[in-house]
Amino acid sequence: CDKCNDITGASTLDLLNQDLAKQVRTAYDRIEDRGMSACLFGSGGTCCRNCNMGPCQIIDGVESMVGICGATADTVAARNFARIIAAGTASHTDHAREMVRGFIATAKGETPHEIKDVDKLHKMAKIFGIETEGRDKNEIALELGEKALAEFGQQEGELAMVKRAPAKQQEIWRKVGVVPRGIDREITEMMHRTHMGVDQEYQNIMLQAARCALADGWGASMLSTELTDIMFGTPTPKRAIVDLGVLKEDHVNVTVHGHEPLLAESLCLAAEDEEILALARKVGAKGVNLAGVCCTGNEILMRRGIPVAGSFIQQEMVLATGAVEAMVVDVQCVMQSLAQVVKGKHTDIITTNYRAKMPDAIHIQFEEHEAYNSAKEILKHAINNFKKRREFYIPKDKKLDVVVGFSHETINYMLGGRFRASYRPLNDNIINGRIRGVGAIVGCEHYKYADDVHFKIAVELIKNNVLVLATGCAAQALGRRGLLRPEAATEYAGDGLREVCEAVGMPPALHVGSCVDNSRLLIALTEMVNEGGLGEDISELPACGTAPLYMSEKAVAIGQYFVSSGAHVIFQNLPITGAKKFTEFIKGGMKEVYGACWDTEEDPIKLAQKMIKAIDGKREALGI
Ligand code: BF8
Ligand code: SF4
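Remember, it's a predicted structure, so these values are computed and weren't measured experimentally.

Bringing the site of ligand 2 into the picture now. Residues in contact with ligand 2, as listed here, are Cys48, Asn50, Cys51, Met53, Gly54, Cys56, Gly67, Ile68, Cys69, Arg79 and Met196. A breakdown of the residues in the shell around ligand 2 according to their chemical character gives 7 nonpolar, 3 polar and 1 charged.

Here you go:
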């Protein structure tokens, strides 16, 4: 198919071969129209528009091509890279803030939700120094929520969860002065330092970029994951489906797209409301079928087993089916093209957050204090559209099962067994060589590489006995290609990994959650360190991460917090190639500071082999 490639899976190809879908213009078409998918100059990272003496295109090594202010390629590339990290961190931060506010409202009894995971509530309370003895769960949650909210505006000291990191890691951060003080403060300082005429030394700029990214990983994202788990339940293994074909002909199809699960969870509750079901039946539908898109999809997939209709790259195709009554969106990764895709169709795009509106969409504000009624109003709107559905096509018989729900607690339990949940067996299997190491495949998808990148990397890793942990749209991509099934261990894994997976019945690639849930990986790595036998900090572990098809600024923030936490990270490309010394620093110099650095490799197989080489290097250093 010339409009698509195999990364979107069989169902998408099936859909795109239908006349109905051929009329829809997608991102693939826009790439063809533009003749290229990216600006070649911007790709090198040396285009500066930070002041009105420019914009300046800087060419490294050409004296006449420094900025009007004298800024060099290294300074400009570092500033741009740091601003990407600040934007990514800001996005996770704003998401996290909304979750904390929702958590507080829940503790006060003002939402339809409740405090579900009391065990985790107590664990978090301990980290925040909150008394739990003899106290009601809502009272503890309220104090936790308020303390968590204060972390955003904190001005001095250290974020509370920094002390969850391995002790040696914390020492490194303190020594170089990158322990985050307050979440918002680090983002603001990053934006200030990259303003015209402030920080002009790339190493110094990257120190603040590291602090900003750590405020994301060990601050905003971790707060979001943990408080969301307490409120909606920590994920446990469950079977589900990741496929375009999860839309149902005889149901009102509502897809939930975006990131903050407060809205999606409320929709899940409201979809079972008697009044809603009666209204659905009245228009001739059997009920409301909710399906996820992007990371909201991951959130409700992990906790409720609600199916995922599509990932970032498929959002237009989900609508091209003509079978969706409403796509409900909140924030992040929502393409503006969606409103155009549904033109002439019965589908409504419903924006729900005052921070994210879109021309030609309908706006129904989701009120967190009126969450249930807001959700019902949105569903009623979708139900009204059902009778207007005309031509549609839902791909059939291609549904692939997945097993999801691998929170770090689940990994602990799965490998450690019922009686002694611990990371000991994982460490032992790494030490005895059955498992070579851990490879994280995270992040987005984009259209630059017409290749089955995630699948190829994962298979290469699994074949070589590397256990894969996946999040975000990358995890969905692996699901579509069958790697999130326990059977995939038998089909693809090397002997050692296969033996371990078959013994506990788990897939060789574990879905760990949404993009904010990369914080679960930080904790999993920390637990591996704390369990002993694999070194004293994350930089000694046989582990490596990649976000091959990264699209969003959030992915770079994630990459940087992993690097700053000691984990080697390889992307396919980074916007730094126009600045030689800065590139050398990112890909080498950083290692002297954090014990890890970035790397790039476009070819998926070579990228996987680089990950394996990095893992082998750690094994050798550990003497295992
Ligand atoms: O936070 S993986 S395309 S949906 S940014 Fe966006 Fe990337 Fe998907 Fe989720 Ni993450
Ligand atoms: Fe040009 Fe310097 Fe202004 Fe950037 S800050 S646009 S390099 S003059």
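The full count for this structure, using the stated rule, is 10 aromatic pairs. Taken together, a centroid distance of 5.6 Å and an interplanar angle of 75 degrees make the contact between phenylalanine 81 and tryptophan 598 edge-to-face. Taken together, the residues span a long stretch of sequence, with phenylalanine 81 in helix 5 (residues 73-107) and tryptophan 598 in strand 16 (residues 598-600) at a distance of 517 residues. The pair formed by phenylalanine 81 and tryptophan 598 is uniform in burial state, with each residue classed as buried. Each residue in the set Phe81, Tyr202, Tyr550, Phe571, Phe582, Phe585 and Trp598 is aromatic and connected to the rest through ring pairs, giving one cluster. One residue, lysine 396, lies across the ring of tyrosine 393, its end atom 5.4 Å from the ring centre. The ring of phenylalanine 455 has arginine 481 sitting right over it, with the charged end atom 4.0 Å from the ring centre.

The sheet built from 6 strands is open, its strands ordered 13-12-11-14-15-16 with parallel pairing. Every interior strand has two partners, whereas the edge strands, strand 13 (509-513) and strand 16, have only one. Sheet twist, expressed as the average angle between the axes of neighbouring strands with direction ignored, equals 25 degrees. With 4 bridges connecting them, strand 11 (residues 437-441) and strand 14 (residues 543-546) associate as parallel partners. Within the sheet, the bridge partner assigned to glycine 439 lies in strand 14 and is cysteine 544. Packed on one face of the sheet, helix 26 (residues 604-622) meets strand 11, strand 12 (466-471), strand 14, strand 15 (568-571) and strand 16 and runs near 155 degrees to strand 14.

For the rest of this paragraph, the subject is the coordination of the nickel atom of ligand 1. There is one protein donor for the nickel atom of ligand 1, namely Cys515 (SG), at 2.2 Å. Given 4 donor atoms and angles of 91 to 150 degrees at the metal, the environment of the nickel atom of ligand 1 is assigned as irregular. Looking at where cysteine 515 falls in the secondary structure, it is placed in the loop between strand 13 and helix 23 (518-531).

A separate point is the domain arrangement of the protein. For an interface, size is often stated in terms of accessible area lost upon the parts coming together. For the protein, the assigned domains are domain 1 (69-232), domain 2 (243-386) and domain 3 (407-622). Across the contact, 19 residues belong to domain 1 and 16 residues belong to domain 2. Summed over both sides, the interface between domain 1 and domain 2 buries roughly 1500 Å², with carbon and sulfur atoms accounting for 57% of that surface. Inspection of the domain 1/domain 2 interface yields 3 salt bridges. Our enumeration of links across domain 1 and domain 2 arrives at 5 residue pairs in polar contact (both at pLDDT 80 or more). Elements represented by at least two residues in the side of domain 1 that touches domain 2 include exactly helix 5 and helix 10 (202-232). The element that contributes the greatest number of residues to the side of domain 1 that touches domain 2 is helix 5, accounting for 9 residues. Within the side of domain 1 that touches domain 2, the residues separate by chemical class into 5 nonpolar, 8 polar and 6 charged.

On to the site of ligand 1. Close contacts around ligand 1 come from His259, Cys294, Cys295, Phe312, Cys333, Gly443, Cys444, Cys473, Cys515, Met551, Ser552 and Lys554, and that covers them all. A distance of 2.7 Å is found between an oxygen atom of ligand 1 and a side-chain nitrogen or oxygen belonging to histidine 259. For ligand 1, an oxygen atom lies 2.9 Å from a polar atom in the side chain of lysine 554. The class makeup of the residues in the shell around ligand 1 is 8 nonpolar, 3 polar and 1 charged. Shared between two domains, the shell around ligand 1 takes at least three residues from each, and those domains are domain 2 (243-386) and domain 3 (407-622).

Those residues of helix 12 (residues 274-282) not exposed but buried are Ile276, Leu277 and Ala280. Seen end-on, helix 12 carries its buried residues on one side only, within an arc spanning 100 degrees. Facing away from the buried side of helix 12, by more than 90 degrees, are the exposed residues Glu274 and Lys282. Buried residues in helix 12 make contact with helix 11 (261-270), strand 5 (288-293) and helix 16 (371-386).

Note on backbone geometry: most residues besides glycine have negative phi, and most peptide bonds are trans. For the bond running from glycine 54 to proline 55, omega is 0 degrees, close enough to zero to count as cis. Even without being a glycine, cysteine 333 presents a positive backbone phi close to 65 degrees. One non-glycine residue, asparagine 465, adopts positive backbone phi at about 65 degrees. Relative to the elements of secondary structure, asparagine 465 occurs in the loop between helix 19 (453-463) and strand 12. Overall, asparagine 465 belongs to the buried group, its relative accessible area being 17%.

To continue, consider the environment of alanine 38. Its location among the elements puts alanine 38 in the loop between helix 3 (27-34) and helix 4 (40-43). Measuring from C-alpha to C-alpha, the distance between alanine 38 and lysine 448 comes to 8.3 Å, with 410 residues separating the pair along the chain. When near neighbours in sequence (up to four residues on either side) are disregarded, alanine 38 contacts Ser43 and Lys448.

So, how was this worked out
- Residues numbered from 1 in each chain as written.
- Chains lettered and ligands numbered in written order.
- Predicted model: local features only at pLDDT ≥ 70, side-chain atom pairs only at ≥ 80, totals over all residues.
- Heavy atoms only, no water.
- Near = heavy atom within 4 Å.
- Nonpolar A, V, L, I, M, F, W, Y, C, P; charged D, E, K, R; others polar.
- Phe/Tyr/Trp six-rings, centres within 6.5 Å; stacked < 30°, edge-to-face > 60°.
- Helix = DSSP H or I, 4+ residues; strand = E, 2+ residues; numbered from the N terminus.
- Buried < 20%, exposed > 50% of the residue type's maximum accessible area, 1.4 Å probe, protein only.
- Lys NZ or Arg CZ within 6 Å of the ring centre and 35° of its normal.
- Pairing = 2+ DSSP bridges.
- Axes fitted to C-alpha atoms, helices over the stretch in contact; angles between N-to-C directions.
- Contact = heavy atoms within 4.5 Å.
- Donors = N, O, S within 2.8 Å, 3.2 Å for Na, K, Ca; no water.
- Tetrahedral: all angles 85-135°; square planar, octahedral: opposite > 155°, others 65-115°.
- Domains from an automatic or database assignment.
- Buried area = accessible area lost by both parts, 1.4 Å probe.
- Salt bridge = Lys/Arg side-chain N within 4 Å of Asp/Glu carboxyl O.
- Polar contact = N/O pair within 3.5 Å; in protein donor to acceptor, adjacent residues only side chain to side chain.
- Arc of directions from axis to C-beta.

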